[in-house]
Amino acid sequence: MEWSWQVVFEVLPSMWQGLIVTVQATIVGSLLAYVLGLLLALLKMSKTWIIAKTSYWVSESVRRTPLLVQLYFLFYVLPDFGIFLSPFVAGVIGLGIHFSTYTSEVYRAGIENVPQGQWEASRALNYNAYQTMRHVILPQAIPPMIPPLANYLITMFKETPLLSAITVVELFNAANIFSNSHYKYLEPMTLVGVFFLIVSVPSAYAAMKLEQRFKPKNTGAS
């Protein structure tokens, strides 16, 4: 089997479109995961026992089942209940819900690491729960969360090939469709790996820089 640049040039346009879909699914899915993750973290930290426990077990159920199974459920099972989602929408929802269970733990850890004195100061100022979280706790909790949240963004990007199972023509599926049509696998699948490296390596480097930027500083006396 020899490398063919002609095959490369033939497959590149469809793979470029697939890469765009991959990036779009990653961005929208991550935004959904960040919003749902924060909501889930707050629910799991609720002082109402049933809310906290229910949120915990729902989160664990989603996290302990494969993303692929969840994607199949959203796209192939929900129509039996009269709910029809496009492949892209089902994929984005699946990514968002699945990774929200991971980001919720990041949020929870960040919120719990805020010193107790900050909560007491908020009560002294007669802040309600919303004001305390909005103006005092989250501004201090979010900066240390940024590196792990960025890492989950990269992880989500690498999980997007699973969307091909529900017919989303993302990067991998675009290459796979071409390969199955032309019986050429070397060039398309190699390019899939190259495209993922082109995006993932700089993203990982940026996440490392963020981790260094927001790393807690040692304020103890020497």
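The coordinates are above.
Residues numbered from 1 in each chain as written. Predicted model: local features only at pLDDT ≥ 70, side-chain atom pairs only at ≥ 80, totals over all residues. Heavy atoms only, no water.

1. Focus on the pattern of salt bridges
Link 1 in the chain: Applying the stated criterion to the full structure yields five salt bridges.
Link 2 in the chain: Put simply, Lys44 and Glu105 hold a salt bridge, and the shortest N to O gap is 2.5 Å. Taken as a pair, Lys44 in helix H1 (residues 5–44) and Glu105 in helix H4 (residues 87–112) lie far apart in primary sequence, 61 residues in all.
Link 3 in the chain: Three or more residues are tied together by salt bridges with common partners; here these are Lys44, Glu105, Arg108 and Glu112. (Salt bridge = Lys/Arg side-chain N within 4 Å of Asp/Glu carboxyl O. Helix = DSSP H or I, 4+ residues; strand = E, 2+ residues; numbered from the N terminus.)

2. A word on the packing of H1 against helix H7 (residues 171–182)
Between two packed helices, what matters for the description is the angle formed by their axes and the separation of those axes.
Link 1 in the chain: Contact geometry of H1 with H7 gives a least axis separation of 7 Å together with a crossing angle of 150 degrees. The angle between H1 and H7 falls in the class roughly antiparallel. Viewed along their axes, H1 and H7 form a crossing whose handedness is right-handed. On the side of H1, the interface is formed by Val7, Glu10, Val11, Ser14, Met15, Gly18, Leu19 and Thr22, while H7 contributes Leu171, Ala174, Ala175 and Phe178.
Link 2 in the chain: A class-by-class count of the residues in the contact of H1 with H7 yields eight nonpolar, three polar and one charged. (Axes fitted to C-alpha atoms, helices over the stretch in contact; angles between N-to-C directions. Parallel < 35°, antiparallel > 145°, perpendicular 65-115°, else oblique. Left-handed = near helix turned anticlockwise from the far one by under 90°. Contact = heavy atoms within 4.5 Å. Nonpolar A, V, L, I, M, F, W, Y, C, P; charged D, E, K, R; others polar.)

3. Re helix H3 (residues 67–77)
One turn of the α-helix equals 3.6 residues, which is why residues spaced by three or four share an orientation.
Link 1 in the chain: Buried within H3 we find Leu67, Gln70, Leu71, Leu74 and Phe75. For H3, the buried positions fall inside an angular range of 115 degrees around the axis, keeping them on one side.
Link 2 in the chain: Considering only its buried residues, H3 is in contact with helix H2 (49–63), H4 and helix H6 (129–159). (Buried < 20%, exposed > 50% of the residue type's maximum accessible area, 1.4 Å probe, protein only. Arc of directions from axis to C-beta.)

4. Here we look at H6
Link 1 in the chain: An ideal rise of 1.5 Å per residue puts 45 Å on 31 residues; H6 reaches only 36 Å between its terminal C-alpha atoms.
Link 2 in the chain: At Ile137, H6 is bent by approximately 50 degrees, the largest bend along its length, and proline Pro139 sits one to four residues beyond.
Link 3 in the chain: Capping the start of H6, Asn128 holds a side-chain oxygen 3.1 Å from the backbone nitrogen of Tyr130, two or three residues further along. (Expected span 1.5 Å × (residues − 1). Bend = angle between axes of the 7 residues up to and from the residue. Polar contact = N/O pair within 3.5 Å; in protein donor to acceptor, adjacent residues only side chain to side chain.)

5. Points about unusual backbone geometry
Comment: phi is negative for the bulk of residues other than glycine, and the bulk of peptide bonds are trans.
Link 1 in the chain: Phi is positive for Asn126, which is not a glycine, with a value near 65 degrees.
Link 2 in the chain: What makes Asn126 exposed here is its relative accessible area of 68%.

6. Brief notes about the environment of Leu67
Link 1 in the chain: Following the sequence through the fold, Leu67 ends up in helix H3.
Link 2 in the chain: The spatial distance from the C-alpha of Leu67 to the C-alpha of Ile97 is 9.4 Å, given a sequence separation of 30 residues.
Link 3 in the chain: Beyond its immediate sequence surroundings of up to four residues, Leu67 is in contact with Gly94, Leu95, His98, Phe99, Glu159 and Leu162.

7. Considering the packing of H1 against H6
Link 1 in the chain: Put simply, H1 and H6 touch, their axes get as near as 11 Å, and they point 140 degrees apart. By the criterion of interaxial angle, the relationship of H1 to H6 is oblique. For the crossing formed where H1 meets H6, the hand is right-handed. Contacts from Thr22, Thr26, Gly29, Ser30, Ala33, Tyr34, Leu38 and Leu42 of H1 reach H6 at Met133, Leu138, Leu149, Ala150, Leu153, Met156 and Phe157.

8. What to know about the packing of aromatic side chains
Link 1 in the chain: Under the counting rule described, the total for this entry stands at eight aromatic pairs.
Link 2 in the chain: Between Trp3 and Trp5, the ring centres sit 5.7 Å apart and the planes meet at 75 degrees, which makes this aromatic pair edge-to-face.
Link 3 in the chain: Judged by its relative accessible area of 34%, Trp3 is partly exposed.
Link 4 in the chain: Judged by its relative accessible area of 55%, Trp5 is exposed.
Link 5 in the chain: Members of the aromatic cluster, connected to one another through ring pairs, are Trp3, Trp5 and Phe9.
Link 6 in the chain: If you follow Arg63 out to its NZ or CZ, it ends over the ring of Tyr102, 5.5 Å from the centre. (Phe/Tyr/Trp six-rings, centres within 6.5 Å; stacked < 30°, edge-to-face > 60°. Lys NZ or Arg CZ within 6 Å of the ring centre and 35° of its normal.)

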